[in-house]
Every structure is written in C-alpha cells, then in structure tokens.
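Descriptive structure summary
Next come the chains, spelled out residue by residue.
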Amino acid sequence: MKNRSRVLVLFALIPLLLFTRCSGSGPKQRELVVVSYGGSYQDAQRKAYFEAFAKKYNVNVREETWGGDFGKLKAMVESGNVTWDVVDVEAYMVLRGAQQNLYEKIDYTKVPKDELLPEAINDYGVVAVFWSTVQAFNSQHFSPDKPHPVGWADFWNTQKFPEPRALRKDPVGNLEFALLADGVPKDRLYPLDLDRAFASLDKIKSHVKVWWTAGEQPVQLLSTSEVLISSGWNGRIYSGAKEGKPVALDWEGGLVSSDWWVIPRGSKNKDVAQDFLAFASSAEAQSELPKYIAYGPPNKNAIARIPPEIAKDLPTAPQNLAKQVIINNEWWEKNQAAVLDRWNKWLLK
Amino acid sequence: MKSARPSRSLKSDGLTTWLLIVPSLLFVILVFILPTLILFRRSVVDPSFTLENYARILHEPVYLQVIWITFKIATIVTVLTIVLGYPFAYAINRTRGSLKLILLGLTLLPFWTSLLVRTFAFILLLQQQGLINKMLLTLHIISAPIALVYNLPGVLVGMTYMLLPYMVLPLYGTLHRIDPKLEWSASSLGAGRLRAFCSTTLPLSAPGLVAGSAIVFLLSLGFFVTPALLGGPREQTISMIIEAQVNQLLNWGFAAALSVVLILITALFAVLIVCGGWIISRRKPSLAELR
C-alpha cells in the first residue's frame with residue numbers, strides 16, 4: 001500500500017530533523033562562567049570570590065567543574081566555541097597552553113600587578129593559590145610515643161616505618177621526593193637527575209600499596225587505614241582533619257605548586273573575566289580564601305592580613321615554606337613528555 | 001480468500017529501502033567515519049608531515065607492552081563473562097513468568113548507575129577493610145585480609161561485572177529461539193544431560209556466543225576508568241596512555257597515532273571474529289535449517 005511506504009519514508013527523515021537547531025535570546029545581565037576543580041576547593045572559592053564578585057559587580061556568575069581535562073580546553077578554543085570565561089588550571093597548563101596560543105593576555109591595568117608576588121605573574125595567567133604536596137599520615141596510628149615519619153628519607157625507610165603507603169600515580173612530585181629521600185639537598189634538586197630518581201624509586205616501588213589518582217583518595221585511604229602514610233594535597237588533608245577524619249600532615253619536604261587563573265582565547269565575556277581576575281587578585285578577596293581552605297594567596301597585602309592562627313596552616317607561611325621546595329614549572333614543561341614515557345615504563349616493570 | 005496483489009514494482013521497493021537507509025548512513029558517516037579520517041590525518045600531520053608518531057610507537061617498547069596488556073585483560077574478561085554469563089543466560093531461558101522478569105531486570109541493573117559510581121563502589125567492596133574481606137574474616141575463611149583491589153583481580157572483577165550484561169543479553173536472545181524439544185529428543189535417544197546439551201543447544205547458541213564475545217572484547221579494549229582506579233601500576237591500558245597524551249601533554253598527533261593503531265588492531269580482531277562466526281555457521285546446522 002502506497003500510504004504505508006510514504007509513512008515509512010517520513011519516519012526515515014526524522015533523524016534529519018535532529019540536526020536543526022533552535023536559537024534562543026541571550027541574557028541581559030552580564031555573565032561569567034568560571035570553572036574550577038569542585039569539592040572543598042570550589043566551595044571555598046565560591047564563598048571567598050564568586051558570591052562576593054557577583055554581588056559587587058552585578059554579574060550572573062555560573063560555575064562549572066572540571067577534572068583538569070586539558071584536552072577539553074584545547075578542543076574548545078580550537079573549535080571556536082568557547083563556553084568558559086575563567087578557568088582554574090595547574091601551573092604546567094599555563095606554560096603549555098600559552099605555547100599553543102590557547103589564552104587571552106591578562107589585563108594588568110586591572111589586575112594589581114605590584115601587590116602580587118613576582119612568581120605569581122605571567123602574560124597569560126595569574127596565580128590563584130599556592131598549594132603543596134605533603135606527606136600525610138593516619139593520626140590515630142601514630143602518636144607522640146610512635147612518631148610519624150618526617151621527610152622523605154623516613155618515607156623511604158621501610159624498616160623503621162613498615163606501614164603500607166601510597167603515592168600519586170604521576171611522576172610530578174614523586175621524582176623530587178625520590179631525590180630528597182636519596183639525600184639531594186633542597187636547593188640543588190633541579191635539573192632533576194632522572195637516573196638517580198628512578199633508582200631511588202626502585203627501592204620503594206614494591207612497598208607502595210596504592211598509586212592514587214584522585215585528589216580525595218589520600219584522605220579516604222588514610223581514613224579507612226588502607227594505607228597509613230601517603231603523599232597528598234595539603235588543602236584536602238587539612239579539610240579532612242577539620243571534618244573529623246584521622247588524618248594529619250607534615251610540612252617537611254613538601255612541594256609547593258600553584259594553580260592559576262586563565263582566560264580561554266575567544267571567551268565571550270572577556271571583559272567580565274578580566275574584572276574577575278582583578279577582584280580575585282585583590283587583597284580583600286584573597287584574605288578571605290584561607291578562612292575556608294588551607295591554600296596560600298599570592299597577594300602580599302593579603303598575606304600580611306591573615307591572622308596567625310590561620311596562617312600557620314598555609315604552605316606560604318614562612319615557617320612552613322622553609323621546610324619545602326618550590327616546584328620548577330619550566331623544567332617540567334620542557335621534560336614532562338620524555339619523563340612520562342620513562343615513568344610508564346617504570347610502572348610496568 | 002483474496003490473494004494479496006503485488007503492492008508495488010520492484011523498482012520503487014528498492015527506492016524505499018534506500019530512502020530508509022540514507023539518513024542513518026549519513027549520520028554514521030558524519031559522526032564516525034569522518035572523525036576517524038580526521039584522526040588518521042592528524043596522526044601524520046601533527047607536529048609535522050611525517051610518520052614520526054608511528055615510529056615512536058614501534059621504537060619505544062613501553063607502548064607495545066601496554067597494547068599487549070590491554071589485549072590480555074580484554075581476553076581474560078571475555079572468557080570470564082562467557083563462564084559466568086552462559087549459565088546465567090541458560091537459567092533465564094529456563095525460567096518463566098515473574099522470576100524471568102526479575103532475572104532479566106538484575107542483568108540490566110548495572111546500567112542504572114554511572115560507570116564511575118560503580119567503580120568506586122567496587123573499591124569500597126574490595127579494599128582491605130571492605131565488605132568482602134570483613135565477611136571472609138568473620139567466617140574464618142581467611143586469617144588476614146587479601147589484596148582484592150589495586151591489582152589485576154580488582155580490574156577483572158570490575159570489568160567483568162560491567163560487561164556481563166553485554167554477554168548475557170545476546171546469549172539469551174539466541175538461546176530463547178532454540179526449541180527446547182531438541183535437547184529433550186537428544187536425551188530420549190540415549191544421550192546423557194551433558195552430551196545432549198553439547199550436541200544440540202551449545203552449537204546452536206554459537207551465534208549468540210560469538211556476538212556477545214565480540215561486544216565484550218571490543219568494549220574492554222576501550223576501558224580506561226576501571227583499570228585506572230581498580231588496577232595497580234602494571235595494569236596500564238592503551239586508553240590510559242592515550243588519555244594522558246590528550247589531556248596532559250596536549251600531544252594530539254601522537255594520541256591520534258596511538259588511537260589509529262588501536263583501531264587497526266581492533267578492526268583486525270573484528271574481522272577475525274566475523275570470519276570465525278562464518279566458519280562456525282557453515283559447519284553446524286543453523287536454526288533456520290532445523291525448522
């Protein structure tokens with residue numbers, strides 16, 4: 001019957017209808033899409049920055065989260081359809097992204113350049129926070145009678161500390177820790193001696209029970225006693241301890257890194273984004289953040305304003321900074337690809 | 001009874017068929033074939049017009065090692081899903097009514113939650129202080145907790161669980177259409193239960209088995225979250241390496257080359273599976289012939 005075949009043909013054309021798009025009208029209020037890593041970190045940023053900025057500048061701030069999928073950012077910029085205005089990225093992403101022309105230049109007439117620490121400034125990004133990878137441990141297992149390991153030589157000492165341990169499944173940080181454990185002084189770490197680092201890692205490999213990948217994992221692993229010592233990010237450990245979990249950290253041998261704000265090239269709300277960076281880099285905003293999470297701000301005036309009882313838990317506090325190493329992002333940017341190959345090979349051994 | 005007259009000529013029948021196929025064909029070309037061709041192009045154009053990406057894969061042993069591990073895991077998972085899935089599909093086929101519905105529902109249950117949530121749930125179950133270890137310790141089956149996660153068994157358990165429905169459903173579909181009287185008549189001719197099963201139901205279920213194995217094997221080649229979270233340092237799959245190249249190193253030319261290698265090996269296996277299925281169907285009588 002002819003009618004039936006006609007109907008069938010119509011059904012076949014339905015997939016084509018899926019390709020038509022409806023257009024909507026844009027919002028009248030100024031918008032800003034800000035992207036960060038979620039969890040307790042983004043909660044803290046919301047309280048210190050996003051809500052205050054939205055109110056002060058009358059902007060509709062929309063938040064999104066990401067897990068650092070740098071590829072997504074690159075794809076977005078390359079396709080020209082940029083939906084993010086401000087993104088919180090890891091330090092190596094600033095250098096690599098700038099090389100591949102993924103960002104807008106920061107407007108330093110708005111952002112208070114002179115108030116920021118010199119390490120916190122780049123043509124294409126500005127530091128959001130300083131954070132550290134430190135050694136963390138289960139605070140119930142260790143006590144004054146049973147002292148916890150201090151520094152990476154202790155972590156490597158499986159006789160004195162036979163407890164199960166965890167490290168991040170990533171060469172960044174682990175190579176520095178391996179060299180510190182092997183006795184390299186803090187000020188002579190870079191350029192990293194790869195052969196010596198991997199030889200040092202060989203000694204600890206079979207004793208590492210878990211290689212963690214997600215930021216919250218060390219807190220979870222330590223709380224459930226799956227491991228009793230682990231590397232971890234200081235902010236997460238601090239928040240976990242505040243929530244009552246049996247975790248604590250030690251600053252000795254910590255690796256200070258940074259997160260940066262960038263503006264993807266082609267962002268639709270560039271001007272609002274620059275205003276946001278100016279606000280988030282100001283002393284008044286930055287002195288708020290450490291109240292909610294233990295990360296250090298780059299604004300010198302903000303650092304001076306933070307009360308000592310909060311400051312003592314920040315990686316940038318002078319007494320903590322003295323025990324740590326600051327990561328060399330330029331070295332990692334140049335060498336990461338080759339190191340990653342060698343690291344993967346080493347993991348498979 | 002009035003005989004049905006031919007409704008249309010053969011020519012317009014072909015046209016209707018084509019009109020029905022063309023939109024979906026266009027869709028497949030647009031979202032699959034075209035991007036795959038772009039991937040091929042990227043692998044030889046980025047960073048410059050050379051084959052250096054492929055040379056690096058062959059030159060650096062770690063990549064071939066990882067590809068080997070990926071295929072090893074995929075093979076073991078496929079075998080495990082057959083061993084666990086076949087009895088289950090057979091059992092579903094033998095039940096009736098509400099029990100059958102319940103069992104089918106249980107098969108589909110893994111699809112109701114996201115992959116990531118299920119993977120984390122497995123960490124909770126399998127870890128040292130997890131439910132399984134606690135249960136085994138309480139029952140005195142073991143005296144110390146065993147390592148069930150962050151190693152190969154953890155990955156196998158997780159992946160087998162996720163992929164079991166993909167084996168059970170095609171198998172059930174084939175078993176469903178096999179006449180139960182065939183097995184019965186085999187035993188009435190004197191064959192024991194096992195021989196009756198092996199000579200009738202098993203060969204007839206071959207298409208379902210091949211289809212299920214193909215789906216499970218090819219899907220496990222692409223698994224990346226489960227081995228990353230449940231596995232140890234030696235459980236590195238090629239998709240994890242590709243992810244690092246795409247997401248951290250932004251080396252898309254090399255990632256494209258790795259993907260192309262994975263696609264080619266996968267295509268090779270797909271061809272082998274299809275040929276194998278064709279050979280099996282030529283040697284044993286098909287369901288159609290038996291009706």
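Structural notes, computed from the coordinates. (Residues numbered from 1 in each chain as written. Chains lettered and ligands numbered in written order. Predicted model: local features only at pLDDT ≥ 70, side-chain atom pairs only at ≥ 80, totals over all residues. Heavy atoms only, no water.)

Focus on the pattern of salt bridges
All names here are of chain A. What counts is decided by this rule: Any carboxyl oxygen of Asp or Glu that lies within 4 Å of a side-chain nitrogen of Lys or Arg is treated as forming a salt bridge with it. Strands here mean DSSP runs of E at least two residues long; helices mean DSSP runs of H or I at least four residues long; both are numbered from the N terminus. We call a residue buried when its accessible area falls under 20% of the maximum for its residue type, exposed when it is over 50%, and partly exposed in between, using a 1.4 Å probe and counting protein chains only.
Taken as a whole, this structure holds 25 salt bridges over all chains when the rule is applied. Between Asp 275 and Arg 30 there is a salt bridge whose closest N-O contact spans 3.7 Å. A residue pair is termed long-range when its members are at least 10 positions apart, and Asp 275 in helix H10 (residues 270-280) and Arg 30 in strand S1 (residues 30-36) qualify at 245 residues. Relative accessible area serves as the criterion here: at 14%, Asp 275 is assigned to the buried category. Between Asp 275 and Lys 110 there is a salt bridge whose closest N-O contact spans 3.2 Å. Of this pair, Asp 275 sits in helix H10 while Lys 110 sits in the loop between helix H4 (91-99) and strand S4 (121-122), and the two are 165 residues apart along the sequence.

Here's the deal with the interface of chain A and chain B
We apply this condition: Every residue pair with non-hydrogen atoms within 4.5 Å of one another is taken to be in contact. Two parts placed together each lose some accessible area under a 1.4 Å probe, and adding up what both lose gives the buried area.
Taken together, the contact between chain A and chain B spans 40 residues of the former and 37 residues of the latter. Each partner contributes to the roughly 3500 Å² buried at the junction of chain A and chain B, and carbon and sulfur atoms together form 59% of this total. Sorting the residues of chain A by area buried against chain B places Glu 226, Asp 341 and Leu 348 of chain A first, and these three jointly supply 18% of that buried surface. Counting every contact that joins chain A to chain B gives three salt bridges.

Details of the side chain of Thr 107 of chain B
Residues and elements named next belong to chain B. The line we're drawing: By the criterion applied in these results, polar contacts are pairs of N or O atoms within 3.5 Å in which, for protein atoms, one can donate a hydrogen and the other can accept it, and in which residues neighboring in sequence qualify only through two side-chain atoms.
By the secondary structure assignment, Thr 107 is in helix H4 (residues 97-108). Under the relative-accessibility criterion, Thr 107 is labelled buried at 5%. Separated by 2.8 Å, the side chain of Thr 107 and the backbone oxygen of Leu 103 make a polar contact. Excluding residues that lie within four positions of it along the chain, Thr 107 makes contacts with Phe 88, Ile 92, Pro 165, Val 168 and Leu 169.

Looking at the side chain of Asn 247 of chain B
With respect to the helices and strands, the residue Asn 247 of chain B is situated in helix H12 (residues 238-247). For Asn 247 of chain B, the side chain forms a polar contact with the main-chain nitrogen of Gly 71 of chain A, separated by 2.8 Å. Each residue touching Asn 247 of chain B, except ones within four places of it in the same chain, is listed here: Gly 68, Asp 69, Phe 70, Gly 71, Lys 72 and Tyr 92 of chain A.

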